[in-house]
Amino acid sequence: MQIIKYPARADWEPLTRRALAEQSATVAEAVSAIINNVRSRGDRALREYEQKFTGAMLESLLVTDEEIEKAESTTATGLKQAIDAAAANIELFHAAQKPRQELVVETAPGVICRQKAVPVQRAGLYVPGGNSPLFSTVLMLAIPARIAGCRHVELCTPPAADGSVHPAILYAAKRAGVHAVYRTGGAQAIAAMAFGTETVGRADKIFGPGNRFVTEAKQQVSLLGTAIDMPAGPSEVMVIADGTANAQFVAADFLSQAEHGPDSQSILLTADEGFAESLPEVISSLLAQMPRREMMEKSLSHSRIILLHNDNEIMEFSNLYAPEHLIINHSRAAELAAEVTNAGSVFIGPWSPESAGDYASGTNHTLPTSGHARAYSGVNIDAFMKKITFQQLSPLGIRSIGRTVEVMAENEDLAAHKLAMTLRIEAVNNQTK
Ligand SMILES: NC(=O)c1ccc[n+]([C@@H]2O[C@H](COP(=O)([O-])OP(=O)(O)OC[C@H]3O[C@@H](n4cnc5c(N)ncnc54)[C@H](O)[C@@H]3O)[C@@H](O)[C@H]2O)c1
Ligand SMILES: N[C@H](CO)Cc1c[nH]c[nH+]1
Ligand SMILES: [Zn+2]
């Protein structure tokens, strides 16, 4: 693994670029063709793509109630208990985010303004299933959708080669209140939820992580009129460590990222040269005990160890990179955490591995990647809600702001705008004569 020692400031920006996560032109072209095909040929296109990418020959795209019931009985009790325990924490943290009450402000006498949070009505959730069936993602998306009060929640996920959907995905979907599950994945699933097909319902907004094809598809359909949560592509972690960090912990955090896919990325920032130099060997020895070694090696080949002069430089670099996950395994962890301005989710201290947030601490694991944490939040209750504003003016309100509106409309050269107020001012004046 590459160790980059004291890079010049001019080289920091290029170092923050993701190795493979950039959306290539080929991916964009392939995705655009898939979207057009699904848009014009609906279910037929979905079936063809599933056969091509997963090998599944599908009769029904919709998972039946019987399959969901059966999944409940085939999922091991210990796993169901773990899913239930994680779900309870995710519910607690997300329920606390729900706006408590409507906002009401009388901005001027007789002018009442209200802001009301209203749920997205039809939510489309994507649960990845290429590399492994991420049933934890079902909880991360469907629980906030249910708490927000979405009227219809549908979920797409790639099927196995025999056409089945992993039982734990179905168990979690039922537990979290999903209304319909479809066996389709990749860009085709995103297109299906964006435009609707004979079977898949059209969603108002699409949520969830995925590989480069899924993320590109979400970005393309967002330009064609369907809202998305954010770009949540190939996973990445930045670890900040000093000499007090347990190197095995850091190495395991690197590997847990690498196993998400060949285009995941892990970066260590440290000011401790000895720690930087010793880490690759610790990673290699842990890697030797792991399954999926080949894929993890690919991911690690574009991971990096970056040696900087001090903690100030480390925090500056981290905020420039804007990591999806930031683990601070450092003697001043809490102080450094207070300086984070760009990150998806932060894990503070030696006892907070990313795995905790991936599954069970209660925070959401659907997070912005590729530097999008500079401007986007991870999934939270707000993502499932729109804020609608209301205003109601009384005759007193017309008196309060009528003249202000007239003057502004006149000076924007918008005579009809002015007239709509002038007529009311005259009516109020006539009433009170
Ligand atoms: N950012 C986040 O919040 C977050 C959370 C969880 C997972 N992830 C990421 O999600 C990703 C999951 O990826 P995955 O591949 O395991 O599952 P996936 O479900 O995202 O993608 C699998 C599907 O991609 C499509 N596909 C594969 N190769 C293709 C090709 N050549 N052309 C067109 N379509 C193709 C197929 O339809 C396939 O079924 C990982 O990169 C992981 O890091 C991100
Ligand atoms: N680390 C992933 C992206 O945040 C989420 C995940 C699901 N399962 C395991 N990990
Ligand atoms: Zn993970």
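Residues numbered from 1 in each chain as written. Chains lettered and ligands numbered in written order. Predicted model: local features only at pLDDT ≥ 70, side-chain atom pairs only at ≥ 80, totals over all residues.

1. What about the site of ligand 2?
No. 1: Neighbouring ligand 2 are the residues Leu134, Ser136, Thr137, Ser235, His260, Asp358, His365 and Leu367.
No. 2: Residue classes in the shell around ligand 2 are distributed as two nonpolar, five polar and one charged.
No. 3: Composition of the shell around ligand 2 by domain shows at least three residues from each of domain 1 (2-20 + 234-361) and domain 2 (25-101 + 120-231). (Near = placed C-beta within 6 Å. Nonpolar A, V, L, I, M, F, W, Y, C, P; charged D, E, K, R; others polar. Domains from an automatic or database assignment.)

2. Overview of the sheet that holds strand S10 (residues 265-270)
No. 1: If you walk across this open sheet you meet the six strands as S1-S11-S10-S9-S12-S13, and the pairing is parallel. Strands with a single pairing partner mark the edges of an open sheet, and in this sheet they are strand S1 (2-5) and strand S13 (345-348). Sheet twist, expressed as the average angle between the axes of neighbouring strands with direction ignored, equals 15°.
No. 2: Taken together, the five bridges between strand S9 (residues 236-241) and strand S12 (residues 325-329) define a ladder with parallel strand orientation. Looking at the pairing, Val237 lines up with His325 of S12.
No. 3: Packing against the sheet, helix H10 (residues 273-287) makes contact with S1, S9, S10 and strand S11 (304-307), and its axis sits at approximately 170° to S11. (Pairing = 2+ DSSP bridges. Helix = DSSP H or I, 4+ residues; strand = E, 2+ residues; numbered from the N terminus. Axes fitted to C-alpha atoms, helices over the stretch in contact; angles between N-to-C directions. Contact = placed C-beta atoms within 7 Å.)

3. Some words on the nonpolar core
No. 1: Within the largest apolar cluster, 69 residues are counted, with the highest numbers of intra-cluster contacts made by Val138, Ala142 and Ile190.
No. 2: Those residues in contact with Ala142 that lie beyond four places of it in its chain are Leu125, Val153, Leu155, Ala173, Ala176, Gly177 and Val178.
No. 3: Counting residues in hydrophobic clusters, the runner-up holds 39 residues, among them Ile240, Ala241, Leu326 and Leu336. (Core = buried A, V, L, I, M, F, W, Y, C linked by C-beta atoms within 7 Å. Buried ≥ 20, exposed ≤ 12 C-beta atoms within 10 Å, placed from the backbone.)

4. Details of the site of ligand 1
No. 1: Around ligand 1 sit 30 residues in total, of which Gly130, Asn131, Gly186, Pro209 and Ser235 are the nearest.
No. 2: Where the shell around ligand 1 is concerned, the elements lending two or more residues are helix H2 (25-54), helix H7 (186-195) and helix H8 (212-223).
No. 3: Sort the elements by how many residues they give to the shell around ligand 1 and H2 lands first, with three residues.
No. 4: Residues belonging to the shell around ligand 1 are distributed by class as follows: 12 nonpolar, 17 polar and one charged.
No. 5: Shared between two domains, the shell around ligand 1 takes at least three residues from each, and those domains are domain 1 (2-20 + 234-361) and domain 2 (25-101 + 120-231).

5. Quick notes on the pairing of S10
No. 1: S10 sits mainly inside the fold: six of its six residues count as buried.
No. 2: Handedness of the crossover joining S9 and S10 through helix H9 (residues 247-258) is recorded here as right-handed.
No. 3: Pairing between S10 and S11: four bridges, direction parallel. The partner of Leu268 across the bridge, within S11, is Ile305. (Right-handed = clockwise from strand over helix to strand, strands pointing away.)

6. Considering the domain arrangement of the protein
No. 1: Here the protein is partitioned into domain 1 (2-20 + 234-361), domain 2 (25-101 + 120-231) and domain 3 (394-431).
No. 2: The straight-line distance from the C-alpha centre of domain 1 to that of domain 3 is 59 Å.

7. Here's the deal with H8
Spacing of three or four residues puts side chains on the same side of an α-helix, whose turn is 3.6 residues.
No. 1: Between the first and last C-alpha of H8 there are 17 Å, a value that for 12 residues agrees with the 16 Å anticipated at 1.5 Å per step.
No. 2: Summarising burial for H8: nine of the 12 residues are buried, a large majority.
No. 3: Those residues of H8 that are buried lie in contact with H2, strand S4 (122-126), H7, strand S7 (205-207) and strand S8 (227-228).
No. 4: Of the residues one or two after H8, Gly225 is the one with positive phi, at around 115°. (Expected span 1.5 Å × (residues − 1).)

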